[in-house]
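# Report on the structure
Chain by chain, the residues:
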Amino acid sequence: MAPIWEDLLHVGDVGCDDDFLSLGGDSLTVVELIACIKATFATTLTPSDLVAASTLRTVADVVDSHSVPSPGGDVVPLTHVAAADDSRPLVFAFAGAGESALAFGPLAQCLSEFRIIGLQAHALENRGIPDWTIGAAARRCVRHILDIRPHGPYRFVGHSLGGVIAIEASRILAAQGYHVEHIVCLDTIFEGPLRTRARIHLPAAGNPSGVNPSGANPSGANPSGANPSAVNPTPGTGQGHAENSVDLWRQRLALLSAGWWRRPAKEQWSLFHELGRRSALLHRLRPWYGPVTAILAEDNPDNPQCWYAFAPYCVGVHFVSGDHTGMLRPPHVTHTAKLVADALSGPAERA
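Residues numbered from 1 in each chain as written. Predicted model: local features only at pLDDT ≥ 70, side-chain atom pairs only at ≥ 80, totals over all residues. Heavy atoms only, no water.

## Section: the overall build of the chain
If you tally the helices and strands in the chain, you get 14 helices and seven strands. For the chain, with 351 residues in total, the buried portion stands at 49%. Counting only contacts in the chain whose residues sit at least 6 apart along the sequence, the fraction spanning at least 24 positions is 73%. (Helix = DSSP H or I, 4+ residues; strand = E, 2+ residues; numbered from the N terminus. Buried < 20%, exposed > 50% of the residue type's maximum accessible area, 1.4 Å probe, protein only. Contact = heavy atoms within 4.5 Å.)

## Quick look at the packing of aromatic side chains
Aromatic ring pairs: the centre-centre distance and the angle between the two ring planes describe each pair. Following the criterion strictly, the structure yields eight aromatic pairs and no others. Geometrically, the ring pair formed by tryptophan 5 and phenylalanine 20 is edge-to-face, given 5.1 Å between the ring centres and 80° between the ring planes. Here the residue tryptophan 5 occupies a position in helix H1 (residues 2-9), and phenylalanine 20 occupies one in the loop between H1 and helix H2 (27-41), the gap between them amounting to 15 residues. Like phenylalanine 20, tryptophan 5 is buried. Pairing phenylalanine 190 with tryptophan 307 gives two aromatic rings, centres 4.8 Å apart and planes at 55°, and the pair type is tilted. Residue phenylalanine 190 is located in the loop between strand E5 (180-186) and helix H8 (193-196), and its partner tryptophan 307 is located in helix H12 (residues 306-310); the two are separated by 117 residues in the primary sequence. Connected via pairs of aromatic rings, a cluster forms that spans Phe92, Phe94, Tyr154, Phe156 and Tyr178. (Phe/Tyr/Trp six-rings, centres within 6.5 Å; stacked < 30°, edge-to-face > 60°.)

## Brief notes about the nonpolar core
Counting 40 residues, the largest nonpolar core has Phe92, Phe94, Phe156, Ile183, Trp307 and Phe310 as the members making the most contacts within it. Looking at this core element by element, the count peaks at seven residues for helix H7 (residues 161-175). Filtering out sequence-adjacent residues up to four positions away, phenylalanine 92 remains in contact with Ile117, Leu119, Ile145, Ile148, Tyr154, Arg155, Phe156 and Val157. Formed by 27 residues, the second largest nonpolar core is a distinct cluster that contains Ala95, Phe104, Leu339 and Leu344. (Core = buried A, V, L, I, M, F, W, Y, C linked by side-chain atoms within 4.5 Å.)

## Topic: the sheet that holds strand E1 (residues 75-77)
As summarised here, the arrangement of the seven strands in space is E1-E3-E2-E4-E5-E6-E7, forming an open sheet in which the pairing is mixed. Every interior strand has two partners, whereas the edge strands, E1 and strand E7 (314-320), have only one. Pairs of neighbouring strands in the sheet enclose a mean axial angle of 20°, with direction left out of account. Strand direction decides the pairing type here: E5 and strand E6 (residues 292-297), joined by four bridges, are parallel. Looking across to E6, one finds that isoleucine 183 is bridged to valine 292. Docked against the sheet, H7 engages strand E2 (90-94), strand E4 (154-159) and E5, running at close to 155° with respect to E4. (Pairing = 2+ DSSP bridges. Axes fitted to C-alpha atoms, helices over the stretch in contact; angles between N-to-C directions.)

## A short note on the side chain of glutamate 274
Residue placement: glutamate 274 occurs in helix H11 (residues 265-282). Exposure remark for glutamate 274: the relative accessible area of 12% places this residue in the buried category. Within the structure, the side chain of glutamate 274 is placed 2.8 Å from the side chain of arginine 278, a separation counted as a polar contact. (Polar contact = N/O pair within 3.5 Å; in protein donor to acceptor, adjacent residues only side chain to side chain.)

## Quick notes on the packing of helix H6 (residues 134-148) against H7
One can describe the packing of H6 onto H7 by two numbers: an axis separation of 8 Å at closest approach and a directional angle of 65°. Considering the relative orientation of H6 and H7, their crossing is right-handed. Between H6 and H7, the contacting residues are Ile134, Ala137, Ala138, Arg139, Cys141, Val142 and Leu146 on the first element and Leu161, Val164, Ile165, Glu168, Ala169, Ile172 and Leu173 on the second. Here the residues of the contact of H6 with H7 are counted per class, giving 12 nonpolar, no polar and two charged. (Left-handed = near helix turned anticlockwise from the far one by under 90°. Nonpolar A, V, L, I, M, F, W, Y, C, P; charged D, E, K, R; others polar.)

## A look at the pattern of salt bridges
For the structure on display, the rule yields eight salt bridges. For arginine 140, the salt bridge identified is with aspartate 131, shortest N-O distance 2.9 Å. Residue classification places aspartate 131 among the buried positions, given a relative accessible area of 19%. Two residues, glutamate 274 and arginine 278, come together in a salt bridge whose shortest N-O distance is 2.8 Å. Here glutamate 274 and its partner arginine 278 are both found in helix H11, four residues apart, which amounts to about one turn of the helix. Judged by relative accessible area, arginine 278 falls into the partly exposed class, the value being 26%. Sharing partners across several salt bridges, the network here consists of Glu168, Arg171 and Arg286. (Salt bridge = Lys/Arg side-chain N within 4 Å of Asp/Glu carboxyl O.)

## Observations concerning H11
The terminal C-alpha atoms of H11, which comprises 18 residues, lie 26 Å apart, in line with the 26 Å expected from a rise of 1.5 Å per residue. By the burial criterion, the buried members of H11 are Gln268, Trp269, Leu271, Phe272, Glu274, Leu275, Gly276, Ser279 and Ala280. (Expected span 1.5 Å × (residues − 1).)

## Digging into the pairing of strand E3 (residues 115-119)
With respect to burial, E3 is a largely interior element, five of its five residues being buried. Of the two faces of E3, both are covered, the one formed by Arg115, Ile117 and Leu119 as well as the one formed by Ile116 and Gly118. Where E2 meets E3, five bridges bridge the pair, whose relative direction is parallel. Counterpart to alanine 93 in the pairing with E3 is glycine 118. Traced from E2 through helix H5 (residues 105-110) to E3, the parallel crossover comes out right-handed. (Right-handed = clockwise from strand over helix to strand, strands pointing away.)

Written as structure tokens, this is what we have:
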């Protein structure tokens, strides 16, 4: 097992108690590690298994026993201390569309003063029927949250679309009389699907002054770096149109089988990302009247004033270096974690 880690992570002399994420592993290298383990040892793991067993020793134990330490599911503990022995403040982290909760691994390691539990899309790793709307995803998350912690207050962190799901979950909890202390949204993007049916006026995309509060200068480019015409080709005629129609029907069939037909991790994440995009198109964005802190990547295309239109009690909008996913990885995750810790260190923690 050690040579596999050394090749993937470009390090030498991996020790039995070395941690995969601490050595520089991320969600992409986890996919490669899972593929190598399957090819070498004929054992199949899921990404969240690498959170429950993240050291060389524990991964090797799982492979040796041909068993999985904890089933991949919606709830992914991101700290290794038993809940009964962990008195740290609890934070629920909502993963973005098509994103494994493992993406929060480096952030959880930096936030050592908190106990972090990740929430990811239903059926991303296990068979099941996915949640096709943001409301359905929020209701499912609320059930998990109340099972884990029946009483508040609650602190939430959400990355990308996970920020919107966290807010909708907060809305449900507030209606039931629970208190949500604070929500931190990490690079949630209004421009695009979420703006389509928004019930509030969101200022035009881009920062009119050209400078954001941290001095970074968002480019306003598509966060994925893709050419919009390539993502949404113009309908036409002829062979190209026929090929586009075939691809469209293939995608529709894939979406219908999402959660039931198991696919390689990257393909599965891509499919669930498309499910998330479609749920965002259907969502009617409404104001949230609770405390929110927005932490945005330097290439976030939104006007920062959108946050004060969406959340009138927004505590602040901050920018960090790195792109949409890079802000959760070294070296940028250190700055992201500091801002998250400052936002979450509120009255509930001091109490």
